[in-house]
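# Reading the structure
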Amino acid sequence: MDYSGLTDQDVVERARQGREPAFRELIRRYERPVFSLIYRLVRDRERAEDLAQDTFIKVLNALDRYDPSYKFSSWIFKIAHNTALDDLRRKHPDTLSIHGSPHATTDDQIEATSLTPVSGEETPEEFTSSREIGSHIERAIATLRVEYRTAILLCHVEGRPYEEVARIMDVPLGTVKTYIHRARNELKKQLGHLRC
Amino acid sequence: MRLDALHPKDERLEAYSDGSLAGEERASVESHVRQCSRCRVEVEDWHSLFSALAALPVLAPAPGFANRVMAHVSVRAAWQARTAGWLGRCVPRTTGGWVVAVALLGIPAIVAGTFIAWLLSRSYLTGYRLWVFATDQFATGTNEVASSILSRLMSTDIAVWVVTSVTSFLESAGLRGMSALAGGLACLIVVSIWVLYRNLFRTPNRGSTYVSFTF
């Protein structure tokens, strides 16, 4: 059966009925956004993989407790956010590693740990240019406080409205607005030299 | 009035740039931005930042991610899912539902409470006498059931063998032997709890394995 045309709620309902393809459909829909968010919070590919895996295991094993009156995306991002925060509290954040793990010492290791962008159809020139700007922004985002980083990523990268960001982060709406305002200003200040 | 004096505040330019201003407020900022090159540059900066953020690549986990996740997810059989769904439907989802459920459960509680209150209102029945009666009945009943189970158990060959073995061990081992046995049992309990924790409660990560031990 093709699940791609169904809403998240319908896919969850089928997963609750014990249909494995529905579980896989939920993973397919959210593995990239969840991994991207977690990676940009913890800044280490291996840890991000483990934490994304933990997130999905928690979510898929607790589908019975999911309340369909809330958006599934809010629920999964909330669990991803909490999982990443718990990890950050336990360990010191590592340095940015968009071009491979900072611990990689050989070309093979760098290749194996580098990230795979999956969006965008660009010419080689556009790709080089956007990758350059992208890495500046990635570095600038990495310097933000984790609350600002989460808010800005959810709002601008995932395109979630302020109300949903507030639900995911479990903070009042006004706090989210403040986080986003401060994060934007810090990014703008840091990226000022890239103005075209 | 000079144009400089009319510059919108930074927050308003930011809100205008992200499209969250509406109506008159938006029109007023828009009209100013059209005439003011400084504010226009400011708005362009915001737009550049928003575009750059929106263009950040979506990152993918390593291939085989779904399989690694599914290895730790318990997909229930259809009958289990149906049972859980049926039980789930019995749980109220709204405040009104909870009110009805509590009211329905409250009726037997009110009936029982009224009956007890009526009993207590009789002059010959005091709370203390009822308490003594209830505890006496409970103790007698428990004693009878426990004695019956124990006598049946003790009449088996295995029980006789266990009692004989334990008695002879206690006689021969002495205090040191008892201490060693207690220590050994304590270690076994700790190891068992650790194995249970690792296998049942802790979420396994990529590369981690299940723990087992054999006797």
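Residues numbered from 1 in each chain as written. Chains lettered and ligands numbered in written order. Predicted model: local features only at pLDDT ≥ 70, side-chain atom pairs only at ≥ 80, totals over all residues.

In this section: the overall build of chain A. If you tally the helices and strands in chain A, you get nine helices and zero strands. Going from N to C terminus, chain A has its helices and strands arranged as α-α-α-α-α-α-α-α-α. Relative to its full complement of 196 residues, chain A shows a buried share of 36%. (Helix = DSSP H or I, 4+ residues; strand = E, 2+ residues; numbered from the N terminus. Buried ≥ 20, exposed ≤ 12 C-beta atoms within 10 Å, placed from the backbone.)

Here we take up the overall build of chain B. Scanning chain B for helices and strands turns up eight helices and zero strands. Shown N-terminal to C-terminal, the secondary structure of chain B runs as helices and strands in the order α-α-α-α-α-α-α-α. Out of the 215 residues in chain B, the part that is buried amounts to 8%.

Bringing the interface of chain A and chain B into the picture now. Contacts between the two partners involve 45 residues from chain A and, on the opposite side, 36 residues from chain B. Looking at the side of chain A that touches chain B, the elements with two or more residues in it are helix 2 (20-42), helix 3 (45-61), helix 6 (124-142), helix 7 (146-157) and helix 9 (173-190) of chain A. In the side of chain A that touches chain B, the residues fall into 19 nonpolar, twelve polar and 14 charged. (Contact = placed C-beta atoms within 7 Å. Nonpolar A, V, L, I, M, F, W, Y, C, P; charged D, E, K, R; others polar.)

Further remarks concern the packing of helix 7 of chain A against helix 3 (residues 37-54) of chain B. Between helix 7 of chain A and helix 3 of chain B, the shortest axis-to-axis distance is 8 Å and the interhelical angle comes to 85 degrees. Comparing the axis directions of helix 7 of chain A and helix 3 of chain B gives the class roughly perpendicular. Touching Ile152, His156 and Val157 of chain A of helix 7 of chain A are Phe50, Leu53 and Ala54 of chain B, all from helix 3 of chain B. (Axes fitted to C-alpha atoms, helices over the stretch in contact; angles between N-to-C directions. Parallel < 35°, antiparallel > 145°, perpendicular 65-115°, else oblique.)

Looking now at the nonpolar core. For soluble globular proteins, the rule of thumb is that nonpolar side chains tend to be buried together. Counting residues in hydrophobic clusters, the biggest one holds 53 residues, and the most contacted among them are Ile38, Ala151 and Ile152 of chain A. The element contributing the most residues to this core is helix 2 of chain A, with twelve residues. Counting the residues that make up this core, at least three belong to each of domain 1 (7-115) and domain 2 (120-196) of chain A. When near neighbours in sequence (up to four residues on either side) are disregarded, isoleucine 152 of chain A contacts Ile141, Leu144, Ile180, Ala183 and Arg184 of chain A together with Leu53 of chain B. Counting six residues, the second largest nonpolar core, distinct from the first, contains Leu13, Ala15, Val29 and Val33 of chain B. (Core = buried A, V, L, I, M, F, W, Y, C linked by C-beta atoms within 7 Å. Domains from an automatic or database assignment.)

Inspection of the secondary structure assignment puts serine 74 of chain A in helix 4 (residues 72-90). If sequence neighbours within four positions are ignored, serine 74 of chain A has contacts with Glu164, Arg167 and Ile168 of chain A.

Attention now goes to helix 3 of chain B. Because the α-helix completes a turn every 3.6 residues, residues three or four places apart line up on one side. Under the 1.5 Å per step criterion, the end-to-end length of helix 3 of chain B is 25 Å for 18 residues, consistent within 8% with the ideal 26 Å. Residues of helix 3 of chain B that are buried include every one of Cys39, Glu42 and Leu49 of chain B, and no others. What you see down the axis of helix 3 of chain B is that its buried residues fit within an arc of 80 degrees, all on one side. Set apart from the buried face of helix 3 of chain B by more than 90 degrees, the exposed residues are Ser37, Val41, His47, Ser51 and Ala54 of chain B. As for helix 3 of chain B, its buried residues are in contact with helix 9 of chain A together with helix 1 (10-17) and helix 2 (23-35) of chain B. (Expected span 1.5 Å × (residues − 1). Arc of directions from axis to C-beta.)

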